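Listed below, chain by chain, are the residues.
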Amino acid sequence: MLERSELGQAHADAARELAEELVRGQVSFMLQPGDYVIVNQRRFLHGREALHSGQDTVPVADRRLLLQLFLRARADDGTAA
């Protein structure tokens, strides 16, 4: 993607260094059926890798289910969400 962008060389180099740093600090783990993860998206980056090659051939009952929930504090309660 960086090769196709219109970023100047300094910006492309900075983006490449950031990507390398993010990968260096990466933690991976395999979830089992029934497991769930709650992520504060204001504090962490997250990704999802393919279950395996040919993911489109995984039976529907075996596919992962991704649900998103957005929680926000009321504007007048004085807490940060």
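Basis of the calculations
Sequence order sets the numbering: in each chain, residues are counted from 1 along the sequence as written. Restriction of local features to residues with pLDDT of at least 70 applies here, the model being predicted, together with a cutoff of 80 or more for giving and counting side-chain atom pairs; totals for whole chains, interfaces and linings are based on all residues. Computation of side-chain values covers all heavy atoms of the structure but excludes hydrogens and water. Secondary structure elements are defined from DSSP: runs of H or I of at least 4 residues count as helices, runs of E of at least 2 residues count as strands, and each element is numbered from the N terminus. Throughout, exposure labels follow a simple rule: accessible area from a 1.4 Å probe, protein chains only, divided by the maximum for the residue type, with under 20% read as buried, over 50% as exposed, and the rest as partly exposed. Areas reported as accessible are Shrake-Rupley estimates using a 1.4 Å probe. Residue values count occlusion only from the protein chains shown. Salt bridges are counted wherever a side-chain nitrogen of Lys or Arg sits within 4 Å of a carboxyl oxygen of Asp or Glu. Patches draw on residues past 30% relative accessible area with no salt bridge. Two like charges within 9 Å are joined, as are two nonpolar side chains (Val, Leu, Ile, Met, Phe, Trp, Tyr) within 5 Å.

### Thoughts on the overall build of the protein
The helix and strand inventory of the protein stands at one helix and zero strands. Residue burial in the protein is summarised as follows: out of 81 residues, 2% are buried. Here the protein has roughly 8,400 Å² of accessible surface; of this, 55% comes from carbon and sulfur atoms.

### Comments concerning the pattern of salt bridges
One pass over the structure, following the stated rule, counts two salt bridges. For the salt bridge of Arg24 with Glu21, the shortest nitrogen-to-oxygen distance reads 2.8 Å. One end of the pair is Arg24 and the other is Glu21, both in helix α1 (residues 9-24) and three residues apart, which spans about a single turn. Of the residues examined, Arg24 reaches a relative accessible area of 58% and is grouped as exposed. A relative accessible area of 47% means that Glu21 is categorised as partly exposed.

### Regarding a nonpolar patch on the surface
Taken together, the side chains of Val27, Phe29, Leu31, Val37, Val39 and Phe44 present a nonpolar region at the surface, about 590 Å² in accessible area. Along the chain, the position of Val27 falls in the segment after α1.

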